[in-house]
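Here is how the chains run, residue by residue.
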Amino acid sequence: MTDAHQDRPGRTELGRVLMSAGVLTSDWAPAFAAVPRAAFLPDLIWPFDMASGQSVPVSRTREPELWHAYADADVPVVTQWDDGAHSGTHPGDVSTSSASMPSVVFSMLRDLDVRPGHRALEIGTGTGWNAALLAHRLGDGQVVSVEVDAAVAAGAREALARFGAQPQVVCGDGYLGHPVSDVPYDRVIATCGLRSVPFAWVEQCRPGGLIVAPWGTHFTHGDAVARLVIAEDGRSASGRFTGPVEFMKLREQRRPAFAHGDYVPDGVGEGDETSTGVSEGELLGGRFDPRVFALGLRVPDCALVVAEKRAGARPVWFYGLGDRSWACVQFRDAGRARVWQAGPRRLWDEVRGALAWWEAAGRPGFDRFGLTVCGSGEVVWLDAPDRVVRSAPRP
């Protein structure tokens, strides 16, 4: 395998940071050292710049040092926009393929708990880096990776071949997994966000095996990593969430498109107006706050949109995804927030009730929530499977 990218100082520092944080465990350290992310990135990338909060174009040809600095940094790197329809150097509208943050990659691989002899199924090949890491641990013949986008799959195969790794890359619908006729997989890992775990993955994994996948609701684009153990009878999988992440969504499960004007064509004045003493911080918390995850569980079929703050005011919108219900809370630097809502659902009332539920439950973090998946649907629970928070039939 090539070592062209392996001895750069940035990688050494990244490894030290990940080890110190407990994200990169000793059993994955050799794979980290042997399989650099830079070997799987294209010449033009769009890393997330922490200072500006935006994805920025970086060319290896024009800015090789900056390109390598980002490749070796703990930031996500977009490698495709708009399902491949985008052209040019500026970012597109929707990021649709990427190389995830190394801290996220190795935390999920840690959760996967692979052992010698295991067979692993990966959903979402992307650049091929994660598949190469798995192949380094398990062997090429033990890893199958499924990628829905033909161009992305071809690029991953090329990168893997250049590097000298040969896991099987299948171009297909990851929702269906990749059934095999001989023995089931021991591990399934998804590198795309889900709104429902496909039962095919449960069926293709052995009893006692593990599924590690980002899961969330349409309330936001955020996810939490679910670590599910296949039941001994093979008819369900269940486990807790391990922490927050944000992934590009499985294409079949992207949030339905909606337009503000379809909900509020004539302004908020058409809604019923009240006020609330709930503050912006009490509602939203910080980035990846578990309260927002809880709100999404308790207020189904709803999308949250936080607008930019202007002149001391920030509107926070809620849109019903099954009808034209909407709510708007306008927070200001001081005083009570104004509230408008309209439609068949009283969305702000639902959100306020969900926030009160989260408070009464002791402000649970992600690790107190769990997920059970079976053929008929899914159940999200708090602390134990019999404390149901959200139940949904299989779509």
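Draft legend 1. Inspection of the overall build of the protein at higher detail. A count of helices and strands for the protein gives 11 helices and 20 strands. Here the protein has a C-alpha radius of gyration of 22 Å; the compact-globule value for 395 residues is 21 Å, and the two agree. For the protein, the spread of C-alpha atoms along the three principal axes comes to 65 × 55 × 40 Å. Every one of the 395 residues in the protein was classed for burial, and the buried ones make up 51%. Of the contacts made within the protein by residues no fewer than 6 positions apart, 58% connect residues no fewer than 24 positions apart. Of the roughly 17000 Å² that the protein leaves accessible, carbon and sulfur atoms contribute 51%.

Draft legend 2. The arrangement of the environment of Pro 393 in detail. Turning to its location among the elements, Pro 393 is positioned in strand S20 (residues 388–393). A relative accessible area of 68% places Pro 393 in the exposed class. Considered as a pair, Pro 393 and Ser 196 are 197 residues apart in the sequence and their alpha carbons are 9.6 Å apart.

Draft legend 3. Spotlight on the packing of helix H10 (residues 290–298) against helix H11 (residues 347–360). Between H10 and H11, the shortest axis-to-axis distance is 9 Å and the interhelical angle comes to 125 degrees. Considering their axes alone, H10 and H11 lie oblique with respect to each other. Between H10 and H11 lies a crossing of right-handed hand. Facing Pro 290, Arg 291, Ala 294, Leu 295 and Arg 298 of H10, the residues of H11 in contact are Val 351, Ala 354, Leu 355, Trp 357 and Trp 358.

Draft legend 4. Spotlight on the side chain of Glu 122. Structurally, the position occupied by Glu 122 is in strand S6 (residues 120–123). We note that Glu 122 is buried and unpaired, the nearest opposite charge coming from Arg 157 at a distance of 12 Å. In this structure the side chain of Glu 122 is engaged in a polar contact, spanning 2.5 Å, whose partner is the side chain of Ser 145. Here Glu 122 is in contact with Asn 130, Ala 131, Leu 134, Val 144, Ser 145, Val 146, Ile 189 and Thr 191, once residues within four sequence places are set aside.

Draft legend 5. Quick peek at the packing of aromatic side chains. If you walk through the whole model with that rule in mind, you get 17 aromatic pairs. Their ring planes at 75 degrees and their centres at 5.3 Å tell us that Phe 241 and Phe 293 sit as a pair that is edge-to-face. In this pair, Phe 241 is assigned in strand S12 (residues 236–245) and Phe 293 in helix H10, connecting sequence segments 52 residues apart. Chaining the aromatic ring pairs together yields one cluster made of Trp 215, Phe 241, Phe 293, Trp 357, Phe 366 and Phe 369. The ring of Phe 32 carries the charged tip of Arg 11 above its face, separated from the ring centre by 4.8 Å. Across the ring face of Tyr 263, the terminal group of Arg 324 is positioned such that the distance to the ring centre comes to 4.9 Å.

Draft legend 6. How the structure looks around H11. Over its 14 residues, H11 runs 20 Å from end to end, which matches the ideal 20 Å to within 8%, given 1.5 Å per residue. Regarding H11, the residues found buried are Leu 347, Trp 348, Val 351, Ala 354, Leu 355, Trp 357 and Trp 358.

Draft legend 7. How the structure looks around the sheet that holds strand S17 (residues 337–342). Read from one edge of the open sheet, 5 strands run S13-S17-S16-S15-S14, paired in antiparallel fashion. Edge positions in the open sheet fall to strand S13 (272–276) and strand S14 (302–306), since each of these has one partner strand only. The sheet shows a mean angle of 20 degrees between the axes of neighbouring strands, direction not considered. Sheet topology note: the S13/S17 ladder contains 5 bridges and is antiparallel. Across the sheet, Glu 273 pairs through a bridge with Trp 340, a residue of S17. The sheet strands contacting H11 are S13, S14, strand S15 (313–320), strand S16 (326–332) and S17, and the helix crosses S15 at an angle near 100 degrees.

Draft legend 8. Examining the state of the cysteines more closely. Inspection of the entire model under this criterion finds 0 disulfides. The closest cysteine sulfur to the non-disulfide-bonded Cys 205 is located on Cys 192, 16 Å from its own sulfur. Since its relative accessible area comes to 4%, Cys 205 is described here as buried.

Draft legend 9. Quick peek at the pattern of salt bridges. This model, assessed by the stated rule, comprises 20 salt bridges. One salt bridge connects Arg 110 with Asp 111, and the closest N-O pair in it is separated by 3.6 Å. For Arg 110, a relative accessible area of 34% translates into the label partly exposed. Counted as one network, the salt bridges with shared partners bring together Asp 83, Asp 149, Arg 251 and Arg 254.

Draft legend 10. Quick peek at the sheet that holds strand S11 (residues 223–230). Read from one edge of the open sheet, 10 strands run S8-S7-S6-S9-S10-S11-S12-S18-S19-S20, paired in mixed fashion. The sheet is open, and its two edges are formed by strand S8 (168–171) and S20, each paired on a single side. Across the sheet, the mean angle separating the axes of adjacent strands is 20 degrees when strand polarity is ignored. Relative to S8, strand S7 (residues 143–147) runs parallel, the two sharing 4 bridges. Along S8, the bridge assignment pairs Val 144 with Gln 168.

Draft legend 11. Geometry of the packing of helix H4 (residues 102–112) against helix H5 (residues 129–138). Where H4 contacts H5, the axes come no closer than 12 Å and their chain directions differ by 40 degrees. Considering their axes alone, H4 and H5 lie oblique with respect to each other. The two elements H4 and H5 cross, and the hand of that crossing is right-handed. Facing Pro 102, Val 105, Phe 106, Leu 109 and Leu 112 of H4, the residues of H5 in contact are Trp 129, Asn 130, Leu 133 and Leu 134. Looking at the contact of H4 with H5 residue by residue, the classes come out as 8 nonpolar, 1 polar and no charged.

What counts and how
Residues numbered from 1 in each chain as written. Predicted model: local features only at pLDDT ≥ 70, side-chain atom pairs only at ≥ 80, totals over all residues. Heavy atoms only, no water. Helix = DSSP H or I, 4+ residues; strand = E, 2+ residues; numbered from the N terminus. Rg over C-alpha atoms; globule rule 2.2 N^0.38 Å. Buried < 20%, exposed > 50% of the residue type's maximum accessible area, 1.4 Å probe, protein only. Contact = heavy atoms within 4.5 Å. Areas by Shrake-Rupley, 256 points an atom, 1.4 Å probe, with all protein chains shown as cover. Axes fitted to C-alpha atoms, helices over the stretch in contact; angles between N-to-C directions. Parallel < 35°, antiparallel > 145°, perpendicular 65-115°, else oblique. Left-handed = near helix turned anticlockwise from the far one by under 90°. Lys, Arg positive; Asp, Glu negative; His and termini not counted. Salt bridge = Lys/Arg side-chain N within 4 Å of Asp/Glu carboxyl O. Polar contact = N/O pair within 3.5 Å; in protein donor to acceptor, adjacent residues only side chain to side chain. Phe/Tyr/Trp six-rings, centres within 6.5 Å; stacked < 30°, edge-to-face > 60°. Lys NZ or Arg CZ within 6 Å of the ring centre and 35° of its normal. Expected span 1.5 Å × (residues − 1). Pairing = 2+ DSSP bridges. Disulfide = S-S within 2.5 Å. Nonpolar A, V, L, I, M, F, W, Y, C, P; charged D, E, K, R; others polar.

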